[in-house]
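If you want the building blocks of each chain, they are given just below.
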Amino acid sequence: MTEEEKLIRFNSLIEQDEKIEPKDWMPEAYRKTVLRQMTQHAHSEVIGMQPEGNWVLRAPTLRAKKILLAKIQDEGGHGLYLYSAAETLGMDRSTMIQQLHEGKAKYSHIFNYPTLNWADIGAIGWLVDGAAIVNQVSLQRTSYGPYARAMVRICKEESFHQRQGYEIMAHMMEGTKAQREMAQDAMNRWWWPSLMMFGPSDKDSWHTQESMHWKIKRSSNDDLRQKFIDKTVDQAYVIGLTVPDKDLKFNEATSHWEIGAINWDEFWNVVKGNGLCNHKRISHHIQFHNLGKWVREAIMAYAEKNNQLQTSN
Amino acid sequence: MTTNEALFNFSLRIADDNLVLAQRLAEWCSRGPILEEDLAITNISLDLLGEAEDFYEYAASLGDEKKSADDLAFLRSEREYFNHLLVEQPNGDFACTMMKQMLYAGYAKHFYEALLNSKDETLGALANKGLKEVKYHFRHSSEWIIRFGKGTEESQLKCNKAIEELWRFTDDLFEMNATDKILMTQGISCSLMEIHPLWKAEISHVLDEAGIAIPEVNNAIKGGINGLHTEHLGQLLCEMQYLQRAHPGAKW
């Protein structure tokens, strides 16, 4: 096949909503875009273990500790799964990690916010995972096969996390004054950053158009954000939490909740590295990656010796 | 001490071992040498947490006061904890954590096996459940010790340091007190003296294969089952019990 014929075949696959598989020919720009998005997603899962891990030793009950440990394990598992799926695009995991450490690969800005009280664990499950699900449900239809299949599996677990997070918030809102204050404090700090997780408004997002054309992205940032807002505002009301937005109002005509202006300066400031925890998240990852170097070397040395033994036998 | 009180103390001891070690392993969360191992360690932590919960619930059902499993875990101080000294020791590096895990899982394996014949049905059933898990924990940690022993000079050195650091806490695993005496006469628990050589043979086998010598030291430290601990336990509990202590009576 000539290059032109390959491109025609690729475009027709996309057009017919067929999946692109690892061995299929794909334009270099498509490969790069999917790889960027998948590694960013994998890194987000792994870096996301840190803010939640911050409370695993202080979880208030045996049940809460079990749920949180299992949840963090799920996130790590998603990271592992996504790294493997991303490797089908021709980059190995160690290179992806190197790029994360060098700042060439990103992770979701949301994990640069600190977890300051136990309700933050509830807020992360309910709001952060809740926002992630809306995005990931849409990505189940993404055009790259391994990514789409990863999303199907990941969505099942994320919806558990979202319910578990909401349960923490609901319990705390039924609790003591101090617990209710913690829950509202967490809501106040996580609401806006969760809305920012969908990325800049469509008119300002330079990745959107190209990604939509290739069906990597299936819904626009603003549409997904609206879906999340409509779903979540009602849930907040049910348990007595106040949404920290004085301009929030329900539009009867459109049947949608309308929010006030998002502070995109804050978003870009955190993306640029100035959030409360950017430095800590990356330096933590680098520190423990380096501390584990001797373990990885021992694994290789042991495997090598075993291979030699087998060959000589 | 009545049989019931002894059974209560005995269940607490097992629960405390599981919880304290689970807490230590959870410290590895997001700190593993490779992502796969990060998940494995927290998974083992989760197993132990489940075992702890089962034994606390059993203890709670035996106690006179109306205390829940969470009350027993989060509202007792270090002098009221009966776990062995080994499990409360800091993680150290990955070799140290795996050595501790191998030494403890090897003990738990033989201990649970002996408890399968307990005249107390619940204890036997819980031991049966725990046994399936600790067998895997033992295999997992043993494989790491062998890998390290035969890996690089550095990994071997770290393994040797780990056994030198931890060996002094191993006699403590086989200590017995009045609780054991009462339960042994009733056929509820087992003699730990009988388990000791079985454990020693099994862990020696792993260490031999790894090329690591058991240190010849005579500095055994004991006290865990009588509520005498190293200073590390208080710090661990302080962090673990923070929310329950700061908000008495709150439901979570």
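From a predicted model like this one, the values you see are computed outputs, not experimental measurements. (Residues numbered from 1 in each chain as written. Chains lettered and ligands numbered in written order. Predicted model: local features only at pLDDT ≥ 70, side-chain atom pairs only at ≥ 80, totals over all residues. Heavy atoms only, no water.)

J.: Any chance you could explain the overall build of chain A here in plain terms?
T.: When you go through chain A residue by residue, the secondary structure sums to 13 helices and 2 strands. Scaling as 2.2 N^0.38, a compact globule of 313 residues should have a C-alpha radius of gyration of about 20 Å, and chain A matches this with 21 Å. With the principal axes as the frame, chain A shows a C-alpha extent of 70 × 50 × 35 Å. A buried classification covers 55% of the 313 residues belonging to chain A. As presented, chain A carries roughly 14700 Å² of accessible surface, and 53% of it is formed by carbon and sulfur atoms. Measuring between centres, the 38 positive side-chain charges of chain A sit 5 Å from its 39 negative side-chain charges. (Helix = DSSP H or I, 4+ residues; strand = E, 2+ residues; numbered from the N terminus. Rg over C-alpha atoms; globule rule 2.2 N^0.38 Å. Buried < 20%, exposed > 50% of the residue type's maximum accessible area, 1.4 Å probe, protein only. Areas by Shrake-Rupley, 256 points an atom, 1.4 Å probe, with all protein chains shown as cover. Lys, Arg positive; Asp, Glu negative; His and termini not counted. Charge placed at Lys NZ, Arg CZ, Asp CG, Glu CD.)

J.: Looking at this structure, how should I read the packing of helix 1 (residues 3-26) of chain B against helix 10 (residues 232-240) of chain B?
T.: Relative orientation and spacing of two packed helices are given, respectively, by the angle between their axes and the distance between those axes. Residue and element names in this part refer to chain B. The N-to-C vectors of helix 1 and helix 10 enclose an angle of 75 degrees; their axes lie 11 Å apart at closest approach. Of the possible angle classes, the one that applies to helix 1 and helix 10 is roughly perpendicular. Note on element contacts: helix 10 touches helix 1 through His232, Leu233, Leu236 and Met240, opposite Leu19, Val20, Gln23 and Arg24. For the contact of helix 1 with helix 10, a count of residues per class yields 5 nonpolar, 2 polar and 1 charged. (Axes fitted to C-alpha atoms, helices over the stretch in contact; angles between N-to-C directions. Parallel < 35°, antiparallel > 145°, perpendicular 65-115°, else oblique. Contact = heavy atoms within 4.5 Å. Nonpolar A, V, L, I, M, F, W, Y, C, P; charged D, E, K, R; others polar.)

J.: In this structure, what is going on with the interface of chain A and chain B? I would like to understand it.
T.: Note: interface size is frequently given as the accessible area lost on complex formation between the parts. Opposite the 44 residues of chain A that make contact, chain B presents 48 residues. Taken together, the two surfaces of chain A and chain B that pack against each other cover about 4000 Å², and 72% of this comes from carbon and sulfur. Ranking the residues of chain A by area buried against chain B places A:Leu57, A:Leu62 and A:Trp294 at the top, with a combined share of 21%. The tally of links from chain A across to chain B stands at 2 salt bridges. (Buried area = accessible area lost by both parts, 1.4 Å probe. Salt bridge = Lys/Arg side-chain N within 4 Å of Asp/Glu carboxyl O.)

J.: Could you clarify how one ought to interpret the packing of aromatic side chains in this entry?
T.: Here the distance between the centres and the angle between the planes together describe a pair of aromatic rings. Throughout the structure, instances matching the rule amount to 26 aromatic pairs over all chains. Seen from their ring centres, A:Trp191 and A:Phe228 are 6.3 Å apart, and the 25 degrees between their planes marks the pair as stacked. Of this pair, A:Trp191 sits in helix 8 (residues 177-196) while A:Phe228 sits in helix 10 (residues 221-239), and the two are 37 residues apart along the sequence. Neither residue differs from the other here; A:Trp191 and A:Phe228 are each classed as buried. With centroids separated by 5.7 Å and ring planes inclined at 45 degrees, the aromatic side chains of A:Phe198 and A:Phe228 adopt a geometry described as tilted. In this pair, A:Phe198 is assigned in the loop between helix 8 and helix 9 (208-213) and A:Phe228 in helix 10, connecting sequence segments 30 residues apart. Judged by relative accessible area, which is 0%, A:Phe228 ranks as buried. Each residue in the set B:Phe10, B:Phe55, B:Tyr104, B:Tyr107, B:Phe111, B:Tyr112, B:Trp167, B:Phe174 and B:Trp199 is aromatic and connected to the rest through ring pairs, giving one cluster. The positively charged end of A:Arg163 is found above the aromatic ring belonging to A:Phe160, 5.3 Å away from the centroid. Just above the ring of B:Trp144 sits the side chain of B:Arg147; from NZ or CZ to the centre is 4.5 Å. (Phe/Tyr/Trp six-rings, centres within 6.5 Å; stacked < 30°, edge-to-face > 60°. Lys NZ or Arg CZ within 6 Å of the ring centre and 35° of its normal.)

J.: What exactly am I supposed to notice about the confidence of the model for chain A here?
T.: Residues shown with low pLDDT carry predicted positions that ought not to be read at fine detail. Confidence along chain A averages 94 in pLDDT terms, with 99% of residues attaining 70 or more. When pLDDT is averaged over each element of chain A, helix 8 of chain A comes out on top at 98 and helix 9 of chain A at the bottom at 79. (pLDDT = per-residue confidence, 0-100.)

J.: Sorry if this is basic, but what is going on with helix 10 of chain A here?
T.: Because each turn of an α-helix spans 3.6 residues, side chains separated by three or four positions end up pointing in the same direction. All names here are of chain A. Along its 19 residues, helix 10 runs 28 Å from first to last C-alpha, staying within 8% of the 27 Å computed at 1.5 Å per residue. Residues of helix 10 that are buried: Asn221, Leu224, Arg225, Phe228, Ile229, Asp230, Thr232, Val233, Ala236 and Ile239. Contacts from the buried residues of helix 10 go to helix 6 (119-139), helix 7 (145-173), helix 8, helix 9, strand 2 (256-258) and helix 11 (264-274). In the segment just after helix 10, glycine 240 is the residue with positive phi, at about 85 degrees. (Expected span 1.5 Å × (residues − 1).)

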